[in-house]
There are 4 protein chains.
Amino acid sequence: MKAVRLHGYHQMPVVEEVAEPTVQGPLDVVVRVGGAGVCRTDLHIVEGQWAEAMGIALPYTLGHENAGWVHEAGSAVTSVRAGDTVILHPTPTCGLCRACRIGQDMHCADSAFPGLSRDGGMAAFLLTSERACVKLDPRTRPEDVAALADAGITAYHAVRKAIPLLHPGTTCVVIGAGGLGHIGIQCLAALTATRIVVVDRNPDALKLAEQLGAHAGVVADGRQVDAVKDLTDGRGAEVVLDFVAEQGAEQDGFAMTARAGSYYVIGYGGTVRIPTLDIISTERNLVGNIVGTYNDLAELMVLAQAGKVTLHTRTYPLEAAVDALRDLDAGRVRGRAILVP
Amino acid sequence: MKAVRLHGYHQMPVVEEVAEPTVQGPLDVVVRVGGAGVCRTDLHIVEGQWAEAMGIALPYTLGHENAGWVHEAGSAVTSVRAGDTVILHPTPTCGLCRACRIGQDMHCADSAFPGLSRDGGMAAFLLTSERACVKLDPRTRPEDVAALADAGITAYHAVRKAIPLLHPGTTCVVIGAGGLGHIGIQCLAALTATRIVVVDRNPDALKLAEQLGAHAGVVADGRQVDAVKDLTDGRGAEVVLDFVAEQGAEQDGFAMTARAGSYYVIGYGGTVRIPTLDIISTERNLVGNIVGTYNDLAELMVLAQAGKVTLHTRTYPLEAAVDALRDLDAGRVRGRAILVP
Amino acid sequence: MKAVRLHGYHQMPVVEEVAEPTVQGPLDVVVRVGGAGVCRTDLHIVEGQWAEAMGIALPYTLGHENAGWVHEAGSAVTSVRAGDTVILHPTPTCGLCRACRIGQDMHCADSAFPGLSRDGGMAAFLLTSERACVKLDPRTRPEDVAALADAGITAYHAVRKAIPLLHPGTTCVVIGAGGLGHIGIQCLAALTATRIVVVDRNPDALKLAEQLGAHAGVVADGRQVDAVKDLTDGRGAEVVLDFVAEQGAEQDGFAMTARAGSYYVIGYGGTVRIPTLDIISTERNLVGNIVGTYNDLAELMVLAQAGKVTLHTRTYPLEAAVDALRDLDAGRVRGRAILVP
Amino acid sequence: MKAVRLHGYHQMPVVEEVAEPTVQGPLDVVVRVGGAGVCRTDLHIVEGQWAEAMGIALPYTLGHENAGWVHEAGSAVTSVRAGDTVILHPTPTCGLCRACRIGQDMHCADSAFPGLSRDGGMAAFLLTSERACVKLDPRTRPEDVAALADAGITAYHAVRKAIPLLHPGTTCVVIGAGGLGHIGIQCLAALTATRIVVVDRNPDALKLAEQLGAHAGVVADGRQVDAVKDLTDGRGAEVVLDFVAEQGAEQDGFAMTARAGSYYVIGYGGTVRIPTLDIISTERNLVGNIVGTYNDLAELMVLAQAGKVTLHTRTYPLEAAVDALRDLDAGRVRGRAILVP
Ligand SMILES: [Zn+2]
Ligand SMILES: [Zn+2]
Ligand SMILES: [Zn+2]
Ligand SMILES: [Zn+2]
Ligand SMILES: [Zn+2]
Ligand SMILES: [Zn+2]
Ligand SMILES: [Zn+2]
Ligand SMILES: [Zn+2]
Ligand SMILES: [Zn+2]
Ligand SMILES: [Zn+2]
């Protein structure tokens, strides 16, 4: 089958032939990929940012955002069967550790992360497990929803954690109205009555944001912290969701956060530098966020099927994976790029 | 009356005569001070760390940790009267803003902070308000409990916030077994069944910590992060309570925190420097903490009266305030120094 | 001034002349009434249901749902002044007890309940306190929002408590689409993405409910429990909000609740009879609800000003209070009846 | 093997020979039973109370409270192997449904309940599944801990849910100091600083309760509601944990609950009859409780291994199962009866 393979850091992956994966264990599932999202993390992988954390030998297949159809299921699998339309939680998990047993799939003590720690889903087929499969209405087109498997779940997870802080009368800042941010805005609008203020360098992204439910847009032109303060009577926002967290956004995000407020770090790449006096004197929090739970993904699919979250995507054939990565890197993608094998 | 007054930054305060405070408004209360705690924050004030945040004109009276007896009460005061024994929440608050109405006294939109933003309680009398008074059993000696008004409430507040994270099987690291830390350890032992690991430079402080309920002690000799990892099978602690947060503790504290764990910043003086990748890849949190709520103080007094929190204090006459500050700065105080007017 | 006074149980109140209230204490506020809602509780008062609980001597003035303008303020009042437009939390509270200090105004240890425990607001003027005043945009017409002061806050309070249970994919049943229910439906639609199923005897009320955001309506014709089960694949609803809780609704409501679900009792008049085996075998909860907090009311006013909660009201002159009560009793009021002095 | 089999309702089970269970599916585990607790639910099963809910064909083997050693494990089992000492969560669960994925094992959509819905563990061997096994220190004697598998987990589950309500200064009433109650008292003492008031008919049980951490005991002699009111300044208890919930306790329990408090139903057999006015006017809750989660059991084992929860047990040979049931029914068992095969 065709797969998008990384042969070395700091160089683009190549599309080449590899053997199809097959079911190895009784709980394995092989999925025929219908859509594979292209993520900023793929660029970070190419740059080597995840090399140390994941320690995987090259070459391997990228792709951690997938939907498709069950192709083959292991002998102990009971909840899905061949032909079922599924979207995949990014991590096949053990189901037995404490994290799994409280639903914190992303902290499973014995999980894999296809596309980061082993072969991923920018390919015709992907090996995952029963626990990763969210069954969908058979009429769903996988390419239409694939981006929810990682961009979507990550945005939803952060928003869901913030809901208790976002009662009417609060302000929530969203930094970055791109692939994740444009989903986060819709989740906020569907699940809260907070005022949504979006910060982005790109005025066009702000226009899209307002169509999706944002109440105000702020161009990140250097005055963005003051602009947010002005919009909040000088107080800052109760919650800041930072989908960028690099190139200065990580300092802005904390600075935009109100007394007793919470700064959610979702993007990455930068470094926060904060005097502990500033953290304690205003009792602010920094909240880490990574992917989300299986239930997050299942709930998000309910929102999607109700039309409350719609994706802005642009499809590329699998063979054009490098074009998609280049477009993303150059800021030429509105919403999310999706590879279709 | 005698009062401990700061005349300039980077120089010790002086004990001098000033006019007694009197009730101005209908909700004011003047308290005859029975005990005034000496806090690391007083040293930080002298160093000028709070000059910008508080913007108070010198000279003024230090002291933000007080207990005593009601001396005079305003015309609209109903819940206390002259002669009542009271411990004082550090901030007289408005009772009308949203923060006050959810019990977050320390975030009141219209409060004062005696000892930081106006004349404090290292004096014979202190002006506060009805809402700050926690009524005590008349047999209580104010000098025995004064340290609970700031050191105690701050430690209790952080512990109480952490309780939902500290189920049996978890580990909680306490960095710093001094004035606040030795109360925090007792609160943890009273309110949770977590394993308590204490980190301090001073082996004597660790001995006291174990008498107060700590299960393990780690000398901060440069190997403390590894030592905590060793005690937790390499995972780190679910919660780290950092009562120091300067001189490197603020980096250690985050490094000691487990995946999905929370690092509570309570001390201050240092600067955290953390790549956002490290925050998100393990989904860790940094949690700010400042003083505590009135209810925190009231609950802590219940623990104290039940003998579950006992203070290690050393009393000084008010006139010896500078000695007490010097002893604290030099690390010569076990527990808390208390001025008795 | 004119006031609606109850002279005996089981007989309608009369509109008669009484003396205007005046400020007595430093925190008192006298409000000129702009609108006074007519509530099912007023009928229950007339029936004597509250006689024992409140123990008030007759005659007294009814009315516990008010908005208007500040007429006179006590000497210690700082947050409102004469002329301000305000909506009133139903209970003037002490601000000092534990309940007040955690924002649970309705559990204040030292509060009054005008209209139930002392003279209420079906009159030209009402005596309340500073802590009960929520300041409004001066352009607001009190008669347009008065119903939010009790019907609104009660519905909002119950919905807000239920939010953590109402993630996407859940079902929330609303029993009773009348004065409270029609606000509850709008709050659910504004604050959650749950599926809203409304149960009412009146098909017209169900039509209004669907315009306000309900996803399905069930006529209470005796088959309502089965109908809800059918809509939920036999499971029942995760949350049932029962705005009736009498005449059998209180048995239906529990029966409609899913395993591990919660039945919110908001209306009253009936008696629940449930084998403890049924409570434990499915681990269901019964949740009491009474009025709401000051912050609930303030948040609800944000929703109202954003147009997310709109009231269906019918105004009557104060002199026609008995007509309004009769119309309510006979089921002739859609939404809420409002007296305008 | 020998097993305790129920052949008809309203008659005692018999000990007879049956075939040993064997592994059927890849995730099955057969455990050699080391201890099987005897529970009031076994008496209720004999009385036919569970006949309708479980719908199981007679005869079958009783026993839902077990610890022992893994005897045989299915082909896909990875976390335990033959010889491991284990305590068993009462329900083998699917691991795939929403309830399993949030850790609510007892609400699994596809689970069994050995001893209620299929053959249980009053036998030499028991068929369960990998997900039900909590691995123990190999030195643990199963008969010493078996009672934690149901009595323990149930008491712990209820206490853990109540922790957020039980801050210092509150009162928690425990009704019934028997098999579950004596564990509940120890959990309360280990995890909270609440005041524990125990209500029981038996003065001896109250003595044991005080040794285990209760602060006050009340003999249930008809004046128990008043006695609890007297101990709480007329207010009642913030939390009541009712381990009886029959024969009038279910009315007492609610009556003992303070305004805004919560009545936890854990025992069963009676019927609550409460006017909805009483539920709403004081905003009280009734909270259902059933067994507990796998994590509850794992946490409880941590408390047990730390010596914070100790069991009072009396062992019987498996053949004496009927004697044990009769002793329990007659109130002759202090703590818990354990069958040892
Ligand atoms: Zn990604
Ligand atoms: Zn796992
Ligand atoms: Zn201090
Ligand atoms: Zn305030
Ligand atoms: Zn310092
Ligand atoms: Zn009403
Ligand atoms: Zn109060
Ligand atoms: Zn049992
Ligand atoms: Zn399940
Ligand atoms: Zn019974």
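Since this is a predicted model, take the numbers as computed values, not measurements. Within every chain, residues take consecutive numbers counted from 1 along the sequence as written. Chains carry letters from A onward and ligands carry numbers from 1 onward, assigned in written order. The predicted nature of this model means local features are confined to residues of pLDDT at least 70 and side-chain atom pairs, given and counted, to a pLDDT of 80 or more, with totals for whole chains, interfaces and linings taken over all residues. The basis for every side-chain value is the complete set of heavy atoms in the structure, and neither hydrogens nor water enter the calculation.

Caption draft 1: Examining the interface of chain C and chain A more closely. Between chain C and chain A, the residue contacts involve 14 residues of the former and 14 residues of the latter. Values labelled buried area give the accessible surface lost by two parts on being combined, using a 1.4 Å probe and summing over both. Each partner contributes to the roughly 1,000 Å² buried at the junction of chain C and chain A, and carbon and sulfur atoms together form 61% of this total. Counting the surface chain C buries against chain A, the share from its top three residues, Pro168(C), Leu191(C) and Ala193(C), is 39%. Residues adjacent in sequence count toward polar contacts only when both atoms are side-chain atoms; beyond that, a polar contact is any pair of N or O atoms within 3.5 Å, and within protein one must be able to donate a hydrogen and the other to accept it. If you look at where chain C meets chain A, you find zero residue pairs in polar contact (both at pLDDT 80 or more). Think of it this way: any DSSP run of H or I at least four residues long counts as a helix, any run of E at least two long counts as a strand, and we number them from the N terminus. Contributing elements (two or more residues each) for the side of chain C that touches chain A: helix H5 (151–162), helix H6 (181–191) and helix H11 (294–305) of chain C. Among the elements that line the side of chain C that touches chain A, the one with the most residues is H11(C), at three residues. Taken together, the residues that form the side of chain C that touches chain A break down as eight nonpolar, three polar and three charged. The criterion used for residue contact is that any of the two residues' heavy atoms lie within 4.5 Å. Each residue gets one label: Ala, Val, Leu, Ile, Met, Phe, Trp, Tyr, Cys and Pro are nonpolar, Asp, Glu, Lys and Arg are charged, and the others, such as Gly, are polar.

Caption draft 2: Representation of the sheet that holds strand E15 (residues 285–288) of chain A in the model. Across the sheet, which stays open at both edges, the 12 strands sit in the order E11(A)-E10(A)-E9(A)-E12(A)-E13(A)-E15(A)-E15(B)-E13(B)-E12(B)-E9(B)-E10(B)-E11(B) with mixed pairing between neighbours. The outermost strands of the open sheet, each flanked by one partner alone, are strand E11 (216–219) of chain A together with strand E11 (216–219) of chain B. Going from strand to strand, the sheet's axes swing by 20 degrees on average, the running direction of each strand aside. By definition, two strands form a pair when at least two bridges between them are found by DSSP. Inspection of the sheet shows strand E10 (residues 195–200) of chain B paired to E11(B) by four bridges, in the parallel sense. Here, axes are lines fitted to C-alpha atoms. For helices the fit covers the stretch in contact, and angles between N-to-C directions go from 0 to 180 degrees.

Caption draft 3: Highlighting the relation of the copies chain C and chain A. For the least-squares superposition of copies, only C-alpha atoms count, and only for residues with pLDDT at least 70 in both. Laying chain C over chain A is done by rotating through 180 degrees and shifting 0.0 Å along the axis; what remains is an RMSD of 0.0 Å. Interpreted geometrically, this transformation is the action of a two-fold axis. Across chain C, the rotation axis passes nearest the C-alpha of Leu191(C), at a separation of 2.8 Å. Looking at chain C, 100% of its interface residues are interface residues in chain A too, so the copies touch through the same face.

Caption draft 4: Focus on the coordination of the zinc ion (ligand 2). All names here are of chain A. Metal sites are built from N, O and S donor atoms within 2.8 Å, or 3.2 Å for Na, K and Ca, and they leave out water, so they may look incomplete. At 2.3 to 2.4 Å from the zinc ion (ligand 2) lie its protein donor atoms, namely Cys 94 (SG), Cys 97 (SG), Cys 100 (SG) and Cys 108 (SG). Between the donor residues of the zinc ion (ligand 2), the gaps in sequence give the motif C-x2-C-x2-C-x7-C. The buried category is assigned to Cys 100, whose relative accessible area is 2%. Accessible area is worked out with a 1.4 Å probe on protein chains only. A residue is then buried under 20% of its type maximum, exposed over 50%, and partly exposed in between.

Caption draft 5: Region of interest: the sheet that holds strand E9 (residues 171–175) of chain D. The strand order E11(C)-E10(C)-E9(C)-E12(C)-E13(C)-E15(C)-E15(D)-E13(D)-E12(D)-E9(D)-E10(D)-E11(D) describes an open sheet built from 12 strands, whose pairing is mixed. Only two strands of the sheet have a single neighbouring strand rather than two, namely strand E11 (216–219) of chain C together with strand E11 (216–219) of chain D. Ignoring which end each strand starts from, the neighbouring axes of this sheet average 20 degrees apart. Where strand E13 (residues 257–265) of chain C and strand E15 (residues 285–288) of chain C come together, four bridges link them in parallel fashion. The partner of Tyr263(C) across the bridge, within E15(C), is Leu286(C).

Caption draft 6: Layout of the coordination of the zinc ion (ligand 4). Residue and element names in this part refer to chain B. Looking at the zinc ion (ligand 4), the protein donor atoms are Cys 94 (SG), Cys 97 (SG), Cys 100 (SG) and Cys 108 (SG), and they sit 2.3 to 2.4 Å from it. Given four donor atoms and angles of 103 to 118 degrees at the metal, the environment of the zinc ion (ligand 4) is assigned as tetrahedral. The class for Cys 94 is partly exposed, based on a relative accessible area of 25%. Given the relative accessible area of 13%, Cys 97 is considered buried. Every angle between 85 and 135 degrees makes a four-donor site tetrahedral, while opposite donors more than 155 degrees apart, with all other angles between 65 and 115, make a four-donor site square planar and a six-donor site octahedral; other sites are irregular.

Caption draft 7: Structural detail: the packing of helix H5 (residues 151–162) of chain B against helix H11 (residues 294–305) of chain B. Residue and element names in this part refer to chain B. With their axes 9 Å apart at the nearest point, H5 and H11 run at an angle of 100 degrees to one another. With respect to H11, the element H5 is oriented roughly perpendicular. Residue-level contacts link Gly 152, Ile 153, Tyr 156, His 157 and Arg 160 of H5 to Asp 296, Leu 297, Glu 299, Leu 300 and Leu 303 of H11. Partitioned by chemical class, the residues of the contact of H5 with H11 number five nonpolar, two polar and three charged. Just so you know how the angles are binned, under 35 degrees is roughly parallel, over 145 roughly antiparallel, 65 to 115 roughly perpendicular, and the rest oblique.

Caption draft 8: Here's a closer look at the UniProt feature "domain: Enoyl reductase (ER)" (unreviewed entry) in chain A. UniProt positions are given in the numbering used here, feature names are shortened, and annotations may be inferred rather than shown by experiment. According to UniProt, the feature "domain: Enoyl reductase (ER)" (unreviewed entry) maps to residues 8–339 of chain A in the numbering used here. Structurally, residues 8–339 of chain A is divided into 28% helix and 26% strand, and its ends, taken at the C-alpha atoms, are 21 Å apart.

Caption draft 9: Broad picture of helix H8 (residues 224–231) of chain B. Residue and element names in this part refer to chain B. For H8, the full list of buried residues reads Gln 224, Val 225, Ala 227 and Val 228. Seen along its axis, H8 keeps its buried residues to an arc of 160 degrees; they face one direction. The inward-facing, buried residues of H8 abut strand E9 (171–175), E10, E11 and helix H9 (249–255). Following H8 by one or two positions, Asp 233 adopts a phi angle in the positive range, close to 50 degrees. Here the arc refers to the directions that run from the helix axis out to each C-beta atom.

Caption draft 10: Spatial organisation of the nonpolar core. Residues belong to a common nonpolar core when they are buried Ala, Val, Leu, Ile, Met, Phe, Trp, Tyr or Cys residues joined through side-chain atoms within 4.5 Å. Ile87(A), Leu241(A), Leu339(A), Ile87(B), Leu148(B), Leu241(B) and Leu339(B) are the most contacted members of the largest nonpolar core, which has 225 residues in total. Those residues within four positions of Ile87(B) in sequence are excluded, and the remaining contacts are Asn66(B), Ala67(B), Ala132(B), Cys133(B), Val134(B), Leu136(B), Val145(B), Ala146(B), Leu148(B), Ala149(B), Leu297(B) and Met301(B). One finds Leu43(C), Leu311(C), Ala227(D) and Ile274(D) within the second-largest nonpolar core, a separate group that totals 224 residues.

Caption draft 11: Expanded view of the domain arrangement of chain A. All names here are of chain A. Domain assignment breaks chain A into domain 1 (2–150 + 291–340) and domain 2 (153–288). The split into domains, and so the bounds of each, comes from an automatic or database assignment of domains. Computed from C-alpha coordinates alone, the two centres of domain 1 and domain 2 are separated by 27 Å. Listed as interface residues are 28 residues of domain 1 and, on the opposing side, 20 residues of domain 2. Carbon and sulfur atoms supply 58% of the area buried between domain 1 and domain 2, which totals about 2,000 Å² over both sides. Interface area lost by domain 1 to domain 2 is led by Val 291, Asp 296 and Arg 334, which between them contribute 23%. On the surface where domain 1 and domain 2 come into contact, there are 11 residue pairs in polar contact (both at pLDDT 80 or more). Those elements that provide at least two residues to the side of domain 1 that touches domain 2 are helix H1 (40–46) and helix H11 (294–305). Residue contributions to the side of domain 1 that touches domain 2 peak at five residues, all from H11. Here the side of domain 1 that touches domain 2 is built from residues that sort into 12 nonpolar, nine polar and seven charged.

Caption draft 12: Region of interest: the environment of Val272(A). Relative to the helices and strands, Val272(A) is located in strand E14 (residues 271–275). Judged by relative accessible area, which is 1%, Val272(A) ranks as buried. Between the alpha carbons of Val272(A) and Met106(A) there is a distance of 23 Å; along the sequence they are 166 residues apart. Excluding anything up to four places from it in sequence, Val272(A) contacts Glu250(A), Gln251(A), Tyr263(A), Leu286(A), Val272(B), Arg273(B), Ile274(B), Thr276(B) and Ile279(B).

Caption draft 13: Representation of the side chain of Thr293(A) within the structure. All names here are of chain A. Within the secondary structure, Thr 293 sits in the loop between E15 and H11. Looking at Thr 293, the relative accessible area reads 7%, which means it is buried. Separated by 2.8 Å, the side chain of Thr 293 and the backbone nitrogen of Asp 296 make a polar contact. For Thr 293, the residues in contact, after removing those within four places along its chain, are His 89, Gly 103, Gln 104, Asp 105, Met 106, Ile 153 and His 157.

Caption draft 14: How the structure looks around the pairing of strand E12 (residues 237–242) of chain A. Residues and elements named next belong to chain A. Summarising burial for E12: five of the six residues are buried, a large majority. Pairing of strand E9 (residues 171–175) with E12 involves four bridges; the strand directions are parallel. Bridged to Val 173 within E12 is Val 240. Here E12 pairs with strand E13 (residues 257–265) via five bridges, running parallel. Directly across from Val 240, in E13, lies its bridge partner Tyr 263.

Caption draft 15: Local environment of the environment of Val46(A). Residue and element names in this part refer to chain A. Tracing the backbone shows Val 46 in helix H1. The spacing of Val 46 and Lys 207 is 161 residues in sequence and 31 Å in space, taken between C-alpha atoms. Residue contacts for Val 46: discarding those within four places in its chain leaves Leu 6, Tyr 9, His 10, Gln 11 and Pro 13.

Caption draft 16: Up close: the pattern of salt bridges. Salt bridges are defined by distance alone: a side-chain nitrogen of Lys or Arg within 4 Å of a carboxyl oxygen of Asp or Glu. Within this structure, the stated rule accounts for 78 salt bridges over all chains. Asp327(B) is the partner of Arg314(B) in a salt bridge, and the nearest nitrogen-oxygen pair spans 3.4 Å. One end of the pair, Arg314(B), is in strand E16 (residues 313–317); the other, Asp327(B), is in helix H12 (residues 321–329), and 13 residues separate them in sequence. Here Arg314(B) falls in the partly exposed class, since its relative accessible area comes to 39%. For Asp327(B), a relative accessible area of 10% puts it in the buried group. Arg336(C) is the salt-bridge partner of Glu65(C), the closest N and O atoms lying 2.8 Å from each other. In this pair, Glu65(C) sits in the loop between strand E4 (60–61) and strand E5 (66–73) while Arg336(C) sits in strand E17 (residues 336–340), placing the two residues 271 residues apart along the sequence. Summarising the burial analysis for this pair, Glu65(C) and Arg336(C) share the class buried. One continuous salt-bridge network, built from bridges that share partners, spans Arg98(A), Arg160(D), Asp296(D) and Glu299(D).

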